[in-house]
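Architecture and fold: a report
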Number of protein chains: 2
Amino acid sequence: MIHAAILAGGRGQRLWPKSRRRSPKHLLPLLSDKTMLQETVSRLEGVANDENIYIVTEEGQQRTICEQLPDIPKANILVEPEGRNTAASIGFAAAHMSKRDPEGVMISLHSDNWVGEVETFRRILSDAAVVAEKTGRLGTVGITPSYPATGFGYIHVGERIEVDLPTTFWEGQEFVEKPDRETAEQYVASGEHFWNGGMFIWKIAAILDAIREHMPRLYEGCLAIKETIGTHAERSTLARVYGALEKIPIDTGVMEKTANIFVAKGDFPWDDVGSWAAMENHYPADSQGNVAIGQFEQVDCHNSIIIGDDTLIAAVGVSDLIIVKSADAVLICRKDRAEEVRDLVAKLSSSEKFKKYL
Amino acid sequence: MIHAAILAGGRGQRLWPKSRRRSPKHLLPLLSDKTMLQETVSRLEGVANDENIYIVTEEGQQRTICEQLPDIPKANILVEPEGRNTAASIGFAAAHMSKRDPEGVMISLHSDNWVGEVETFRRILSDAAVVAEKTGRLGTVGITPSYPATGFGYIHVGERIEVDLPTTFWEGQEFVEKPDRETAEQYVASGEHFWNGGMFIWKIAAILDAIREHMPRLYEGCLAIKETIGTHAERSTLARVYGALEKIPIDTGVMEKTANIFVAKGDFPWDDVGSWAAMENHYPADSQGNVAIGQFEQVDCHNSIIIGDDTLIAAVGVSDLIIVKSADAVLICRKDRAEEVRDLVAKLSSSEKFKKYL
């Protein structure tokens, strides 16, 4: 059986002021009338059944997630006592899945990404589940790069794995960090490097074995959690175990240390919607290059991204700006500096008087 | 007796989105906790008594003006059936003043200007009233230019008028239109050119005589209005007369056609607060050159003007911007293009869906 873990712990700080502590990016309807999380669950239709979809999240979001996903069993909303990065989240979910279906296959996905061709995406995940089951390898999806991105890690693929499936598979050769521009261009030209979008497919037993080998403390934690699921000790065990787990991504904690990797070719449009600058990839621009949502008027305004509401946003003589209005805040940011919204959020966090805007 | 007319008919379009149809610039507390109109009235303390101060305004503002100026008699709020520029407003006020005190002196001021040294301002107006009474000339205040402004008209002064008063007086030689930069520099260097700030001082009888000579239609209107003041026909006469009046400023309608002018030297700081760009002359800048009112945080934002409220305005990597937040709109404008807010307002006016933001 195929189980899916959707990691819904991120903050989406670069999408402030819409993305907030209590309503982070994945709980917002950024690119459609569904939230990013709802889209992610919908995208799994035909791949995993609702009762096998788990949402790993944190305190404070549980209620909104239940409201947004009425078809997912409440028991599948796994609440981390604190965020400990993706290795811990995946171990936590694997412990739950292993309890119900030790021989099953697990898919792990982020809750806040965008995928263009959903049918292709589903086919690739289903095919990857077959390969995971057959080979026992740890699988990832290597996304065909559409431009030489310097903001993502890459996966270098090796030998083809011959399978009788529509999807192309390779052995994984190496996970590589975010490259500089020149290296990224070489990667794209090589045809052997793919974006690491943080999508994984493996047998539940295989990932737990790999965790035991490379992250023994996490493995002990997973065992302890698994043992107390459904008992009175569940909550207290989780609280006791969690704070001690290594705070690292699954990529560096497990995947980079394992030779036993396969890569599914992910030839579908994909975006992590990392910052407001991404919005222009998803909404049409007007004749002056402006992408505007909400009430907007301008005089000689060009190439800007305007995310508003009923408040009228009016621009005069400006260009290459990001302007975002939320209920209690307005962001004005140079488009090529959208990453620095993170620094702004850090600055707000450090000031008592601005904490209410987080 | 000295009477004062305060012209409160302007729209202050360049101060959108704070300045609105129902709450235009002069009714806003832009530079202090008093509104511009309240400041203008306060500034007349010791020059004209409250019962001799008239506010010339338009339908829809009357109530707010009464609330803002509880000490001004209600009968002194003169409501124009429609805006017909300053010659008509001044004639309208002169008709009322003439009815009560035909031998009196009239001062006419705009309701939305800023004056720095109020005691100096009062002394100059009081001295000018003496000269107006003594000479029968039409007087104006020539403001000592603090920079070669191209946004104001100038007054070219002639011979000194010798009077035994602290204020300097000249004969008026010529009213000149807004100059180009080079001409403005010559004006300032000459010491003979002063800003025309639209402040006038004259005997009520003298301005009515001049109106009779140069704007006979307006004069007929003034007579008709004066005759029906306090009668049942007051409203209907006003409505009938007003629409036919020439729609021109007093400067071109009367002052430029009259040889009989005096100029009082206005050596006080003055600003017409014509656009948001003016705000940095009135509020201190922080170390990065930003002038901010309201909640504001930034990363690498310079030389910008931020006029907000409880909504947090946050700027990243931008400079030389004007950012203004009102209850239902946000303006983002390049600082050197603050004049074009007028074009924006024109654009909003022409669209049914944006009319509610005017």
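Predicted model, so just to flag it, every value in this text is computed and none were measured.

Parameters at a glance
Residues numbered from 1 in each chain as written. Chains lettered and ligands numbered in written order. Predicted model: local features only at pLDDT ≥ 70, side-chain atom pairs only at ≥ 80, totals over all residues. Helix = DSSP H or I, 4+ residues; strand = E, 2+ residues; numbered from the N terminus. Rg over C-alpha atoms; globule rule 2.2 N^0.38 Å. Buried ≥ 20, exposed ≤ 12 C-beta atoms within 10 Å, placed from the backbone. Contact = placed C-beta atoms within 7 Å. Pairing = 2+ DSSP bridges. Axes fitted to C-alpha atoms, helices over the stretch in contact; angles between N-to-C directions. Domains from an automatic or database assignment. Nonpolar A, V, L, I, M, F, W, Y, C, P; charged D, E, K, R; others polar. Core = buried A, V, L, I, M, F, W, Y, C linked by C-beta atoms within 7 Å. Parallel < 35°, antiparallel > 145°, perpendicular 65-115°, else oblique. Least-squares fit on C-alpha atoms with pLDDT ≥ 70 in both.

Quick look at the overall build of chain A
Helix and strand counts for chain A stand at 10 helices and 17 strands. Computed over C-alpha atoms, the radius of gyration of chain A comes to 21 Å, within 12% of the 21 Å expected from 2.2 N^0.38 for 358 residues, which places it in the range of a compact globule. Its C-alpha atoms put chain A at 60 × 50 × 35 Å along the principal axes. Looking at chain A as a whole, 47% of its 358 residues qualify as buried. Considering only residue pairs separated by 6 or more positions, chain A has 65% of its internal contacts joining residues 24 or more positions apart.

Topic: the sheet that holds strand β16 (residues 321-325) of chain B
Reading across the sheet, the 6 strands line up as β13(A)-β15(A)-β17(B)-β16(B)-β14(B)-β12(B) and stay open at both edges, with mixed pairing between neighbours. With one partner strand each, in any of the chains shown, β13 (296-299) of chain A together with β12 (291-293) of chain B form the two edges of the open sheet. Across the sheet, the axes of successive neighbouring strands diverge by a mean angle of 10°, strand direction being ignored. Strands in contact with helix α10 (residues 341-349) of chain B are β13 and β15 (312-316) of chain A together with β17 (329-334) of chain B; relative to β13 of chain A, the strand with the most contacts, it is inclined by about 135°.

Here's the deal with the domain arrangement of chain A
One can read the domain layout of chain A as domain 1 (2-271) and domain 2 (276-357). Looking at the side of domain 1 of chain A that touches domain 2 of chain A residue by residue, the classes come out as 5 nonpolar, 1 polar and 3 charged.

Re the pairing of strand β8 (residues 169-176) of chain A
Residues and elements named next belong to chain A. In terms of strand pairing, strand β7 (residues 154-161) meets β8 through 6 bridges, oriented antiparallel. Bridge pairing in β8 places arginine 160 opposite tryptophan 170. As judged from the 3 bridges shared by β8 and strand β10 (residues 261-266), these two strands associate in the antiparallel manner. By the bridge assignment for β10, phenylalanine 169 is matched with alanine 264.

What about the sheet that holds strand β12 (residues 291-293) of chain A?
The 6 strands lie next to each other as β12(A)-β14(A)-β16(A)-β17(A)-β15(B)-β13(B), forming an open sheet whose pairing is mixed. Pairing within the sheet leaves two strands with one partner each, and these edge strands are β12 of chain A together with β13 (296-299) of chain B. Averaged over neighbouring strand pairs, the angle between their axes works out to 10° when direction is ignored. Lying over the sheet, helix α10 (residues 341-349) of chain A contacts β17 (329-334) of chain A together with β13 and β15 (312-316) of chain B, oriented at roughly 135° with respect to β13 of chain B.

A word on the environment of methionine 279 of chain A
Residue and element names in this part refer to chain A. Mapped onto the elements of the fold, methionine 279 is located in the loop between β11 (270-271) and β12. The class for methionine 279 is buried, based on 21 C-beta atoms found within 10 Å. The spatial distance from the C-alpha of methionine 279 to the C-alpha of valine 254 is 33 Å, given a sequence separation of 25 residues. With residues near it in sequence (within four places) discarded, methionine 279 still touches Val291, Ile305 and Ile307.

Considerations on the nonpolar core
Judged by nonpolar contacts, the single largest core of 81 residues is most densely connected at Ala4, Ile6, Ala94 and Ile207 of chain A. The greatest single-element share of this core, amounting to 8 residues, is contributed by helix α3 (residues 85-100) of chain A. Residues in contact with alanine 94 of chain A, not counting those within four places in the same chain, are Met106, Ile204, Ile207, Leu208 and Cys222 of chain A. Listed in part, the 79 residues of the second largest apolar core include Leu44, Ala88, Leu245 and Met255 of chain B.

Description of the packing of helix α7 (residues 216-228) of chain B against helix α8 (residues 234-242) of chain B
All names here are of chain B. For the pair α7 and α8, the least separation of the axes is 8 Å and the interaxial angle reads 170°. It follows that α7 is roughly antiparallel to α8 by the angle criterion. Taking contact as the criterion, the partners of Gly221, Ala224, Ile225 and Thr228 in α7 are, on α8, Glu234, Thr237, Leu238 and Val241. Here the contact of α7 with α8 is built from residues that sort into 4 nonpolar, 3 polar and 1 charged.

Examining the relation of the copies chain B and chain A
Take chain B, turn it by 180°, move it 0.0 Å along the axis, and it overlays chain A with an RMSD of 0.0 Å. What the rotation and shift describe, once combined, is the action of a two-fold rotation axis. Take the interface residues of chain B: 100% of them recur as interface residues in chain A, which is what a same-surface contact looks like.

Examining the packing of helix α6 (residues 204-214) of chain B against α7 of chain B
All names here are of chain B. Close contact between α6 and α7 brings their axes to 5 Å; oriented N to C, the two are set at 130°. Overall, the two elements α6 and α7 adopt an arrangement that is oblique. Together, Leu208, Ile211 and Arg212 of α6 and Pro216, Leu218, Tyr219 and Cys222 of α7 make up the contact between the two elements. For the contact of α6 with α7, the residue count by class is 6 nonpolar, no polar and 1 charged.

Notes on the interface of chain B and chain A
Between chain B and chain A, the residue contacts involve 29 residues of the former and 29 residues of the latter. For the side of chain B that touches chain A, the elements supplying multiple residues, two or more each, are β13, β15, β16, β17 and α10 of chain B. Ranked by the residues each element gives to the side of chain B that touches chain A, the list is headed by β17 of chain B, at 6 residues. Here the residues of the side of chain B that touches chain A are counted per class, giving 19 nonpolar, 2 polar and 8 charged.

Focus: the environment of glutamate 177 of chain A
Residues and elements named next belong to chain A. Within the element layout of this structure, glutamate 177 appears in the loop between β8 and α5 (181-190). In this structure glutamate 177 comes out as exposed when scored by C-beta crowding, with 12 C-beta atoms within 10 Å. Along the sequence, glutamate 177 and valine 316 sit 139 residues apart, while their C-alpha atoms lie 41 Å from each other.

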